[in-house]
Each structure stands twice: as structure tokens, then as C-alpha cells.
Amino acid sequence: MKILLVVLTFFCAGLTFAQKVYSVEYENQADVKVYVVEYENQADLKVYKVEYSNLAKDNEGKWFFTEYANQSDKKIYFVKYENQSDLKIYFVKYPNQSGWNNLKKIYLMY
């Protein structure tokens with residue numbers, strides 16, 4: 001029974017996806033192309049920037065921007081035009097405001 005509990009713990013830990021992102025310089029280096037919208041209701045994802053990497057957990061819009069690409073889970077590129085993007089985001093002021101508006105795009109950040 002203890003072994004089963006340990007296995008389930010590791011399995012569940014693997015399902016939590018940290019949102020450590022790195023902003024790349026060129027579009028072809030990115031996993032996801034991102035456009036920042038002007039209004040919250042236009043966004044697929046509302047993002048809150050956290051100060052520490054351990055606060056960026058799960059796939060709920062809490063992002064930690066890493067200093068180096070190899071520290072990130074996803075590399076993103078900020079595009080100039082909405083139609084060039086894979087994901088539209090809006091930066092929120094408080095952590096409880098973050099989250100998905102469009103669950104069809106949630107796969108992009110796994």
C-alpha cells in the first residue's frame with residue numbers, strides 16, 4: 001500500500017506543469033507565439049507574473065520569466081499582430097485573476 005502511495009505521488013507530481021517561460025528573440029526559436037491583447041475579455045489566457053519560480057505551478061496562468069532558455073518549460077515569442085499568434089494573453093495585476101478564458105488553447109502550455 002505504501003508503494004502504491006509513493007507511485008501515485010510521483011505520478012501526480014508529474015502532472016503539475018510549471019509555467020516557467022523564456023522570451024526568445026526570434027520567432028523560429030519559440031514553442032508558442034504570444035500576442036498581448038488590450039482587454040481582458042479578448043485573451044485566451046490571463047497571466048500573472050510571479051517573482052519566484054516555485055510560485056509558477058500548474059497551468060493556471062502564473063508565469064515566471066527565466067533568465068535562460070534552458071531553465072524554462074516553454075519558450076515564447078511576442079508577435080506584433082494578433083493574427084500571427086498561437087495564444088492571446090492579458091497581464092493581470094493580482095494572482096487570483098489569472099486563468100484560462102479559452103480552454104481549447106490550454107494544450108499550448110503543456
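Residues numbered from 1 in each chain as written. Predicted model: local features only at pLDDT ≥ 70, side-chain atom pairs only at ≥ 80, totals over all residues. Heavy atoms only, no water.

**Student:** Honestly, the overall build of the chain in this entry has me stumped. Any pointers?
**Tutor:** Looking only at helices and strands, the chain has one helix and seven strands in total. Put simply, the chain runs from its N terminus to its C terminus through helices and strands in the order α-β-β-β-β-β-β-β. Put simply, the chain has 110 residues, and 30% of those count as buried. At a minimum sequence separation of 6, the contacts of the chain that also span at least 24 residues come to 77%. (Helix = DSSP H or I, 4+ residues; strand = E, 2+ residues; numbered from the N terminus. Buried < 20%, exposed > 50% of the residue type's maximum accessible area, 1.4 Å probe, protein only. Contact = heavy atoms within 4.5 Å.)

**Student:** Would you mind going over the nonpolar core with me for this structure?
**Tutor:** Soluble globular proteins tend to bury their nonpolar side chains together. Judged by nonpolar contacts, V21, V32, V34, L45, V47, W63, I76, L87, I89, W100, L108 and M109 together constitute the single largest core of 12 residues. Listed by contribution, the elements that provide at least two residues to this core are β2 (32-36), β3 (45-49) and β6 (87-91). Other than its neighbours up to four places away in sequence, I76 contacts V21, Y22, S23, V24, A30, V32, V34, W63 and F65. (Core = buried A, V, L, I, M, F, W, Y, C linked by side-chain atoms within 4.5 Å.)

**Student:** What is the right way to read the side chain of K62 from this model?
**Tutor:** Considering the arrangement of structural elements, one finds K62 in strand β4 (residues 62-65). K62 sits in the buried class, given a relative accessible area of 17%. Within polar-contact distance, the side chain of K62 engages the side chain of E60 at 3.0 Å. Sequence-distant contacts of K62, defined by excluding residues within four places in its chain, comprise Q19, Y48, V50, L55, A56, P95 and S98. (Polar contact = N/O pair within 3.5 Å; in protein donor to acceptor, adjacent residues only side chain to side chain.)

**Student:** I keep staring at the environment of N28 and nothing clicks. Help me out?
**Tutor:** Mapping N28 onto the fold places it in the loop between β1 (20-23) and β2. We classify N28 as exposed; its relative accessible area is 72%. Put simply, N28 and Y77 are 49 residues apart on the chain and 8.6 Å apart in space, counted from C-alpha to C-alpha.

**Student:** When you look at the environment of T66 in this model, what are you seeing that I'm missing?
**Tutor:** Positionally, T66 belongs in the loop between β4 and β5 (74-78). Here the alpha-carbon distance between T66 and Q19, two residues 47 residues apart in the chain, equals 10.0 Å. In contact with T66, other than residues within four places in its own chain, are K20, V21, Y22, Q71 and S72.

**Student:** Where do I start with the environment of V32 in this structure?
**Tutor:** Its location among the elements puts V32 in strand β2. Taking the relative accessible area as the measure of exposure, V32 reaches 1% and is therefore buried. Residues V32 and K75, 43 residues apart in the sequence, show an inter-C-alpha distance of 6.6 Å. Excluding residues that lie within four positions of it along the chain, V32 makes contacts with K74, K75, I76, Y77, D86, L87, L108 and M109.

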